[in-house]
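A look at the structure
One letter stands for each residue in the lines below.
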Amino acid sequence: MQEIEVKILEVNRERIEKQLMALGAQKLFDADIITLLLDTQNSQIRNRKDVLRLRKQNGNVELTYKKVRVNESVKVAEEYTVQVSDLEAALKILQAIGFSPTEKMEKHRISYAVGNVRFDIDKYSGEFGFIPEFLEIEGAPDDIKKYAEALGYQEKDCLPWSTDELINYYASKKGRS
């Protein structure tokens with residue numbers, strides 16, 4: 001599956017939710033997510049700017065590999081996901097073949113959809129709680145632009161950033177590294 005998305009930083013969740021409801025959006029999800037990012041000892045996945053993650057949300061566990069490409073206006077990733085029944089067992093299998101967790105991330109996500117466009121409002125907690133709430137819009141590039149404008153954002157506000165770029169941006173703003 002192909003994922004095409006942008007991030008919009010430092011959003012007002014209440015305002016965004018009201019605007020999405022006015023656009024006829026349906027609420028899809030409102031829960032916490034735990035994500036483990038995995039890599040080899042020599043960072044093969046990170047060096048390619050790809051992502052291997054094990055994620056738990058609402059009792060469901062999935063393993064995802066994202067082969068990431070970025071163009072000027074959107075982040076594009078070929079995404080391969082499989083459901084697994086047990087996070088700990090999946091983690092042990094991955095560790096046995098040379099992968100280990102590099103980061104554990106916790107966030108609260110609220111998701112909406114209008115047609116084929118998905119809107120995720122994320123707020124990290126724990127180690128990454130210093131990152132302000134942000135919005136991801138996922139869909140076709142023209143739809144992303146259309147709905148970003150409908151929500152009051154300009155093209156310059158729509159960033160084709162990976163999670164690493166988001167973390168690095170706010171870490172440097174806060175004097176972290």
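Below is a short write-up of the structure. (Residues numbered from 1 in each chain as written. Predicted model: local features only at pLDDT ≥ 70, side-chain atom pairs only at ≥ 80, totals over all residues. Heavy atoms only, no water.)

1. Let's talk about the packing of aromatic side chains
The test is simple: Only Phe, Tyr and Trp rings take part, Trp by its six-membered ring, and two of them pair if their centres are within 6.5 Å. Stacked means planes under 30 degrees apart, edge-to-face means over 60, and tilted covers everything else. Exposure categories follow from relative accessible area, calculated using a 1.4 Å probe and restricted to protein chains: below 20% of the type maximum is buried, above 50% is exposed, and the middle band is partly exposed.
The tally for this structure, following the rule as stated, stands at six aromatic pairs. For the pair Y124 and F128, a centre-to-centre distance of 6.3 Å together with 65 degrees between the ring planes defines the contact as edge-to-face. F128 matches Y124 in its accessibility class, with the two residues each being buried. Through a chain of ring-to-ring contacts, the aromatic side chains of Y124, F128, F130 and F134 assemble into a single cluster.

2. What to know about the pairing of strand β8 (residues 134-138)
We count it as follows: Secondary structure elements are taken from DSSP: a helix is a run of H or I of four residues or more, a strand is a run of E of two residues or more, and numbering for both begins at the N terminus. A pair of strands is treated as paired once DSSP finds two or more bridges between them.
With respect to burial, β8 is a largely interior element, five of its five residues being buried. Here four bridges tie strand β1 (residues 2-8) to β8, and the two strands are oriented antiparallel to one another. Its bridge partner being in β8, K7 is matched across the sheet by E136. Judged from the five bridges that link them, strand β7 (residues 117-125) and β8 form a sheet pairing that is antiparallel. Considered in β8, the bridge of R118 is made with E138.

3. Points about the sheet that holds β8
For the record, the criterion: Angles run from 0 to 180 degrees between N-to-C directions of axes, and those axes are lines fitted to C-alpha atoms, restricted for helices to the stretch in contact. Contacts are assigned to residue pairs with any non-hydrogen atoms lying within 4.5 Å of each other.
With antiparallel pairing, the eight strands of this closed barrel are ordered in space as β1-β5-β4-β3-β2-β6-β7-β8. Each neighbouring strand pair of the sheet contributes to a mean axis angle of 35 degrees, computed without reference to strand direction. Those strands touched by helix α3 (residues 87-96) are β2 (26-39), β3 (51-57), β4 (60-70), β5 (75-84) and β6 (100-114), and its axis lies near 165 degrees from that of β3. Along the sheet face, helix α4 (residues 141-150) touches β1, β6, β7 and β8 and points at about 25 degrees away from the line of β1.

4. What to know about the nonpolar core
To keep it simple, the criterion reads: In this description, a nonpolar core means a group of buried Ala, Val, Leu, Ile, Met, Phe, Trp, Tyr and Cys residues linked to one another through side-chain atoms lying within 4.5 Å.
Core analysis: the biggest nonpolar cluster contains 23 residues, and I8, F119, L135 and I137 have the highest contact counts within it. Mapped by element, the contributors of at least two residues to this core are β1, α1 (13-22), β6, β7, β8 and α4. Counting 14 residues, the second-largest nonpolar core is a separate cluster that includes L9, L37, I131 and Y170.

5. Some thoughts on the side chain of E17
How we decide: Think of a polar contact as two N or O atoms within 3.5 Å of one another; within protein, one of them needs to be a possible hydrogen donor and the other a possible acceptor, and neighboring residues in sequence only count if both atoms come from side chains.
Mapped onto the elements of the fold, E17 is located in helix α1. Its relative accessible area of 11% is what places E17 among the buried residues. There is a polar contact of 2.5 Å between the side chain of E17 and the side chain of Y112. Excluding residues that lie within four positions of it along the chain, E17 makes contacts with K27, I110, Y112 and I121.

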